[in-house]
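A closer look at the structure
One letter stands for each residue in the lines below.
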Amino acid sequence: MSATADVIIVGGGPAGVAAAMELRRRGAGKVVLLEREPELGGATRHCSHSPFGMREFGRVYFGAAYGRRLAREAADAGVDIRTGHSVARFHGGGRLEVASAHGVETLTARRVMIATGARERPRSDRLISGDRPIGIVTTGTLQSYVAFHGLMPFRRPVIVGSELVSLSAILTCLTHGARPLALLESEPHMLAPAPFAWFPRMAGVPVHLGTRILDIRGTGRVEAIRFRRQDGVEETIPCDGVLLTGRFTPEAALFRQSEIGVDSASAGPAIDQDGRTLDPLCFASGNLLRAVETGGWAYREGRAVARALALDLAHEPVPSAPTAVTFEAPVKLVVPSLLRRQGSGEPAFRDFQLRFTHRVHGRLSLEIDGREVWAQTRTFFPERRVLVPIPEGASAAGSVRFRFREPG
């Protein structure tokens, strides 16, 4: 079976575009970039705020302009860009079934990189009870309405969530004629770091922490949301919409359908220090790995995995059994979750990326073959990146484990 391309990249967001450009710059041959939407840029296309592009392009862009810059750069780099192309199935071994306006075709490549990003969890994933009225949307849906259709689906919404994207949601409301009535967060603290966490109150949006949503009410459209406050008192806020923000999950359907599967902790594909999955011909990068980082972070990660992939193209893959990186609660996930002895020599990941399930104070340590090589004691927060350097020689270890101990 002859190859359609040297590398096929699935996903035209920052990670996928950056990877395609880096591969072309390194002489990787024919690089095909598949994107299901009509334009490149991923979620940045409907972000009506800045900053984007400071580190990669040396200037500040609003989201849509950043997406257009990505598209121009990819075209100038000689990438074969195919928008309006959806991958219906990934068979592994460099073979994909792709659907477009021209029908369904099979594409093959020497290597495949998947960078399909992440999405916010909708109501169905959050198990919120109550009626099923219209007016319940995620931030991504709201910003798509505003950017592509000039529509604002409500005027008096309640915001659910307090991550950085929640602040973006508030900003979108305020700049397009809607006034959020409140922000509800289930954790006892804001998930966005200071000083960003101060923004809702500065914008006049009341913040309720440690809440539990009881139900959403409405016959035709949203009429109210009922929740229990931290002190146990139930409260009802009349509103005309509910904006569900954050709680991202990797867009990993292609892996779930394939023999590769997903990592149960991250919900994305398990990768090694080069970004290689359990399939030696398949790599992955960006927010697909662990929701969610900024567009700039995803861009740099895409470039780094592309560098390792370009080195891998120089020879036939020699798959070796990976060592799994294990961890103890309350660590939520670790990326990369695999280490291989036979890496590219220029690893894409020089740090482990960790997340915690909840705010906790204690001592996090890393053991290689039972010997402690790194430790740190402090307070860890959920949905905030923790970086731990990957020790030299760790890829040859027989066991790699993160431990956690609370004081006392």
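Residues numbered from 1 in each chain as written. Predicted model: local features only at pLDDT ≥ 70, side-chain atom pairs only at ≥ 80, totals over all residues. Heavy atoms only, no water.

- As named in an unreviewed UniProt entry, the chain is FAD-dependent oxidoreductase, taken from Ancylobacter pratisalsi.

1. Structural notes on the overall build of the chain
- Counting its regular elements, the chain contains nine helices and 25 strands.
- Rg of the C-alpha trace for the chain: 22 Å, near the compact-globule value of 22 Å for 408 residues, within the 12% margin.
- Going through the 408 residues of the chain one by one, you find that 53% of them count as buried.
- Look at the contacts in the chain between residues 6 or more apart in sequence, and 62% of them connect residues 24 or more apart.
- Taken as a whole, the chain presents about 17700 Å² of accessible surface, with 50% of it coming from carbon and sulfur.
- Taken together, the 52 basic and 42 acidic charged side chains of the chain have centroids lying 3 Å from each other. (Helix = DSSP H or I, 4+ residues; strand = E, 2+ residues; numbered from the N terminus. Rg over C-alpha atoms; globule rule 2.2 N^0.38 Å. Buried < 20%, exposed > 50% of the residue type's maximum accessible area, 1.4 Å probe, protein only. Contact = heavy atoms within 4.5 Å. Areas by Shrake-Rupley, 256 points an atom, 1.4 Å probe, with all protein chains shown as cover. Lys, Arg positive; Asp, Glu negative; His and termini not counted. Charge placed at Lys NZ, Arg CZ, Asp CG, Glu CD.)

2. Here we look at the environment of Val158
- Relative to the elements of secondary structure, Val158 occurs in strand S9 (residues 157–160).
- Beyond its immediate chain neighbours, meaning those up to four positions away, Val158 contacts Leu181, Ala182, Leu184, Ile225, Ile237, Cys239, Gly241, Val242 and Leu243.

3. Details of the sheet that holds S9
- Spatial ordering of the open sheet is given by S8-S15-S9-S10-S11, a layout of five strands whose pairing is parallel. Across the chains shown, the open sheet's two edge strands, defined by having one partner strand only, are strand S8 (136–138) and strand S11 (207–208).
- Lying on the sheet, helix H5 (residues 139–149) is in contact with S8 and strand S15 (241–244); it crosses S8 at an angle near 90°. (Pairing = 2+ DSSP bridges. Axes fitted to C-alpha atoms, helices over the stretch in contact; angles between N-to-C directions.)

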